[in-house]
There are 2 protein chains.
Amino acid sequence: MVPAVERLLLGPGPSPVAPRVQRAMSAPILSHLDPALMSILDRVRLQLRDAFGGADDAFACAVSGTGTAGMEAAVANVTRSGRRATVVVNGYFGDRLSQMFGRYGATVSRVEREWGRAADPDALDRALRARGADVVAMVHAETSTGVLNPVAELCAVAQRHGALTVVDAVTSLGAHAVATASWGCDVCYSCTQKGLGAPSGLAPIVFSRRAQDASATSGAAATFYFDLQLLKNYWIDRKYHHTISAPLIYALSESLDVVSEEGFEPRWRRHRGNHLRFARGLGELGLGLLPPDEERLWSLNAVVVPEGVDEARVRQRFLDERSIEIGAGLGPLAGRIWRVGLMGSGSTADNVDRLLDAYRSVLRPA
Amino acid sequence: MVPAVERLLLGPGPSPVAPRVQRAMSAPILSHLDPALMSILDRVRLQLRDAFGGADDAFACAVSGTGTAGMEAAVANVTRSGRRATVVVNGYFGDRLSQMFGRYGATVSRVEREWGRAADPDALDRALRARGADVVAMVHAETSTGVLNPVAELCAVAQRHGALTVVDAVTSLGAHAVATASWGCDVCYSCTQKGLGAPSGLAPIVFSRRAQDASATSGAAATFYFDLQLLKNYWIDRKYHHTISAPLIYALSESLDVVSEEGFEPRWRRHRGNHLRFARGLGELGLGLLPPDEERLWSLNAVVVPEGVDEARVRQRFLDERSIEIGAGLGPLAGRIWRVGLMGSGSTADNVDRLLDAYRSVLRPA
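Residues numbered from 1 in each chain as written. Chains lettered and ligands numbered in written order. Predicted model: local features only at pLDDT ≥ 70, side-chain atom pairs only at ≥ 80, totals over all residues.

### A look at the overall build of chain A
The following threshold applies: To qualify as a helix, a DSSP run of H or I must reach at least 4 residues; to qualify as a strand, a run of E must reach at least 2; elements of each kind are numbered from the N terminus. Restricting the calculation to C-alpha atoms gives the radius of gyration, and the globule rule supplies 2.2 Å times the number of residues raised to the power 0.38. Residue pairs are scored as contacts if the distance between their C-beta atoms, which are placed from the backbone, is within 7 Å.
Along its length, chain A carries 13 helices and 14 strands. Expected size for 366 residues packed as a compact globule is a radius of gyration near 21 Å; at 20 Å, chain A falls within 12% of this value. Principal-axis analysis of the C-alpha atoms gives chain A an extent of 65 × 55 × 35 Å. Contacts spanning at least 24 positions in sequence make up 72% of the contacts within chain A whose residues lie at least 6 apart.

### Some details on the interface of chain B and chain A
Each side of the interface is counted separately: chain B has 58 residues, and chain A has 57 residues. Broken down by element, the side of chain B that touches chain A gets its largest block of residues, 7 residues, from helix H10 (residues 246-262) of chain B.

### Remarks on the sheet that holds strand E11 (residues 300-304) of chain B
Residues and elements named next belong to chain B. Put simply, the rule reads: Here, a strand pair is defined by DSSP locating no fewer than two bridges between the strands.
Reading across the sheet, the 3 strands line up as E11-E14-E13 and stay open at both edges, with antiparallel pairing between neighbours. Each edge of the open sheet is held by one strand with a lone partner, namely E11 and strand E13 (327-328). When E11 meets strand E14 (residues 337-341), the two strands line up antiparallel, connected through 5 bridges. Within E14, the residue paired with Val303 across the bridge is Trp338.

### Some remarks on the domain arrangement of chain A
Put simply, an interface is often sized by how much accessible area is lost when its parts join up. Residues and elements named next belong to chain A. Selection rule: The domain boundaries here were taken from an automatic or database domain assignment. The residue classification treats Ala, Val, Leu, Ile, Met, Phe, Trp, Tyr, Cys and Pro as nonpolar and Asp, Glu, Lys and Arg as charged. All others, Gly included, are polar.
According to the domain assignment, chain A contains domain 1 (8-13 + 263-363) and domain 2 (20-260). Between domain 1 and domain 2, the C-alpha centre-to-centre distance is 26 Å. Contacts between the two partners involve 23 residues from domain 1, matched on the other side by 24 residues from domain 2. Going through the elements one at a time, helix H11 (264-284) and strand E11 (300-304) are the ones with two or more residues in the side of domain 1 that touches domain 2. For the side of domain 1 that touches domain 2, the residue count by class is 13 nonpolar, 7 polar and 3 charged.

### Details of helix H3 (residues 67-78) of chain B
Residue and element names in this part refer to chain B. Counted only if it meets this: An expected span of 1.5 Å times one less than the residue number is assigned to each helix. With C-beta atoms placed from the backbone, a residue is labelled by how many other C-beta atoms lie within 10 Å of its own: buried for 20 or more, exposed for 12 or fewer, partly exposed between the two.
For H3, which comprises 12 residues, the first-to-last C-alpha distance of 17 Å matches the rise-based estimate of 16 Å (1.5 Å per residue) to within 8%. The buried fraction of H3 is high, at 12 of 12 residues. Among all positions of H3, only Gly67, Thr68, Ala69, Gly70, Met71, Glu72, Ala73, Ala74, Val75, Ala76, Asn77 and Val78 are buried.

### Comments concerning the environment of Arg103(B)
Within the secondary structure, Arg103(B) is located in helix H4 (residues 92-103). Not counting chain neighbours up to four residues away, the residues in contact with Arg103(B) comprise Ala220(A), Ala222(A), Thr223(A) and Phe224(A).

### A closer look at the relation of the copies chain B and chain A
Definition in use: For this overlay, a least-squares fit was computed on C-alpha atoms, restricted to residues scoring pLDDT of at least 70 in both copies.
Superposition of chain B onto chain A requires a rotation of 180° combined with a translation of 0.0 Å along the rotation axis, giving an RMSD of 0.0 Å. Taken together, these values place the two copies in the relation of a two-fold axis. Taking the C-alpha atom as reference, chain B places Gly65(B) closest to the rotation axis, 2.5 Å from it. The share of interface residues of chain B whose copies in chain A are also at the interface is 98%, consistent with both copies meeting through the same surface.

### Brief notes about the sheet that holds strand E9 (residues 187-189) of chain A
Pairing between the strands of a sheet is mediated by backbone hydrogen bonds and can be parallel or antiparallel. Residues and elements named next belong to chain A. Note the threshold: Every axis in this analysis is a line fitted to C-alpha atoms, fitted for helices over the stretch in contact. Angles between the N-to-C directions lie between 0 and 180 degrees.
Taken in spatial order, the 7 strands make up an open sheet running E2-E10-E9-E8-E5-E3-E4, and their pairing is mixed. For this open sheet the edge positions go to strand E2 (59-63) and strand E4 (107-112), each flanked by a neighbour on one side alone. Neighbouring strand axes in the sheet, compared pairwise and without regard to direction, differ in orientation by 20° on average. One ladder, built from 5 bridges, connects E2 with strand E10 (residues 203-207); its direction is antiparallel. By the bridge assignment, Val63 is partnered in E10 with Ala203. Packing against the sheet, helix H4 (residues 92-103) makes contact with strand E3 (84-89), E4, strand E5 (135-139) and strand E8 (164-168), and its axis sits at approximately 165° to E3.

### Some words on helix H8 (residues 209-216) of chain A
For an α-helix, the turn length of 3.6 residues means that residues three or four places apart are oriented alike. Residues and elements named next belong to chain A. Just so we agree on the cut-off: Throughout, the arc means the angular range of directions from the helix axis out to the C-beta atoms.
What H8 keeps buried is the set Ala211, Ala214 and Ser215. Down the axis of H8, the buried set is contained in an arc of 95°. They therefore lie on one face. Within H8, the exposed residues directed more than 90 degrees away from the buried face are Asp213 and Ala216.

### What to know about the nonpolar core
The test is simple: Joined through C-beta atoms within 7 Å, a set of buried Ala, Val, Leu, Ile, Met, Phe, Trp, Tyr and Cys residues constitutes a nonpolar core.
Formed by 251 residues in total, the largest nonpolar core has its most connected members in Phe101(A) and Phe101(B). Contacts of Phe101(A), omitting those with residues within four sequence positions, involve Val75(A), Thr79(A), Ala85(A), Val87(A), Ala106(A), Val108(A) and Ala137(A).

### Remarks on the pairing of E10(A)
Residues and elements named next belong to chain A. With 5 of 5 residues buried, E10 lies mostly within the body of the structure. Residues of E10 alternate between two faces, with Ala203, Ile205 and Phe207 on one and Pro204 and Val206 on the opposite face, all of them buried. Note that E9 and E10 share 3 bridges and pair antiparallel. Paired with Cys188 across the strands is Val206, a residue of E10.

### Considering the environment of Pro16(B)
Residue and element names in this part refer to chain B. Here Pro16 is to be found in the loop between strand E1 (8-9) and helix H1 (19-24). Judged by the 23 C-beta atoms lying within 10 Å of it, Pro16 falls in the buried class. When neighbours within four sequence positions are excluded, Pro16 is seen to be in contact with Leu8, Leu9, Gly344, Ser345 and Gly346.

### A look at the packing of helix H3 (residues 67-78) of chain A against H4(A)
A packed helix pair is summarised by two numbers, namely the angle formed by the two axes and the spacing between the axes. All names here are of chain A. Applicable threshold: Any angle between 65 and 115 degrees counts as roughly perpendicular, while under 35 counts as roughly parallel, over 145 as roughly antiparallel, and the rest as oblique. Definitions for this section: a left-handed crossing has its near helix turned counterclockwise from the far helix by less than a right angle. A right-handed crossing has that turn clockwise.
Contact geometry of H3 with H4 gives a least axis separation of 10 Å together with a crossing angle of 45°. If you check the angle between H3 and H4, you find them oblique. In this structure, H3 crosses over H4, and the sense of that crossing is right-handed. Between H3 and H4, the residues in contact are Met71, Glu72 and Val75 and Arg96, Leu97, Met100 and Phe101, respectively. Of the residues assigned to the contact of H3 with H4, the class counts are 5 nonpolar, no polar and 2 charged.

Structural data, given as structure tokens:
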């Protein structure tokens, strides 16, 4: 059974999948150990390392699960019972990260800032001076608030205190610059269904040499499915671990080819340009974005719901009248913002204009 | 990038994907919270409960990962630190189950039998009399040895001792009868890429009422991604947990439609018939299967490598000369067996004949 409807996906993800990427899933299915599949995996591994801006000795792969699986793989491989984790929390996904560290047995400290504002490196520095940490985790692009956190500065602070660093790049990879090696980031994960423009189901992840060494000398992780050592055995040494999904790999590989054909910098500029076009158009309609100018994501726009407007009804009308999907707010921002994604192949001037037209029509005084 | 080769997939999985199932992945991508996707999920959930032979109050869904993710979801939701797990081990996947219980903090006892023979319910009974268990886990279809374990009897023994039961049906669902409610099985998981004939990437799983209650009153699981409570929140209450992969759901849904159009019993008979045809043909070639007659799987045939034959060279020739994939032995059976899968749409008389022809030609004295 397949759906009878078609949507323009302009919510917080999944983003639209280009026809050539979707078509790649029709290629003949190969097994997880077929030499022809392994050579595609070799290529994907290097393309991902490059996309993450990883060093030559970093290990990148794609975990067989969604972005949340990437988060769990990151947390599970740097956490052992009793380790001290400091998590920068200024949104739903920072909070989720801190929950995961807790589940995996870490002693968790949170460095909080209000939802809708960027995290403060000085606050992290003060927290680490006060109580230290074995690992510091943060979200680059906070999908729940549309905020871009200053991860280069945050990682630098964590490094000065000798902590491993984990960065969530779920909503930034492919849309904003991600540069793990120059940030000093040890583990960074993302998803396939936002900035990269592939369907969901895989979670790209990269581990620095330092993270690999720390994991290798820490005893077995609590997880088998996400265990870094077993993933390396599979991706590098071709030793069976799980049956990777060939169609998802084909789609990811194709989407990475699309990214490199466009080029990273032009792609980031495209995302920036369409975000600015959208923000400007919103302003003309008397609408605004939640974060201040200089703290905004290009990939995810948190549009403030005007006083007296029923946000759910607006989303429903977008869906019913124009088949455009946009997202609702999460947690304390439920009812207060719409989340509008301009990601991957969905970040186009035409889509911005369709959105603005929809807002204009739906919010027009009756 | 997509592969330039095409294989006939007759290894231990993935199995061939029928064109209509693969085509389903081309349908328009919907988000994980789209009402149209949620209604497909509602249908899939009931079809899976039915496929597992679950009771009306059982909860079935598909975890976003491969069969190994299903195993981890099962283990993580019934284990808390210090619980006693007894695992029936007569192959690679029983061993993997026991490793996972250990990683999740259980005190693990193993009831072992030699690889290639079915597990013995009396041995389980003796073990449970000696030391009891909170949970008993077993593999229905041991993919590493081609053995069908007597799970109805094993579950009955475990139930008499008051333990929860976990059954791995990765290589049986869709090929052999799976009847969790009548077995008294509390958690059963599988994969999409074997008996069901969809691509890999999702892991169907079912939880009895008893397993759901036990999990709800045990405090949070160590895992967030596989947490049963969060999965129920998503599948039933439509609360965001992760971004499920729409193309994989379409393919699974389509494959479940194929299964119900064929009917469970005719499908099982087809698998049995083609297995018997293959076993008979092997006999005529002087080849045999590892397990005794009455302990054999229909979906996975463990063909004994004759003395003096280089098993890897045979597999390579199957691949190079006929583009047929068969599998190697795992662990202690490496080099001693080939693993030949006749699963899902791959279980046909024609494929059996192609296999026998390949064996005849490759093993012919030069």
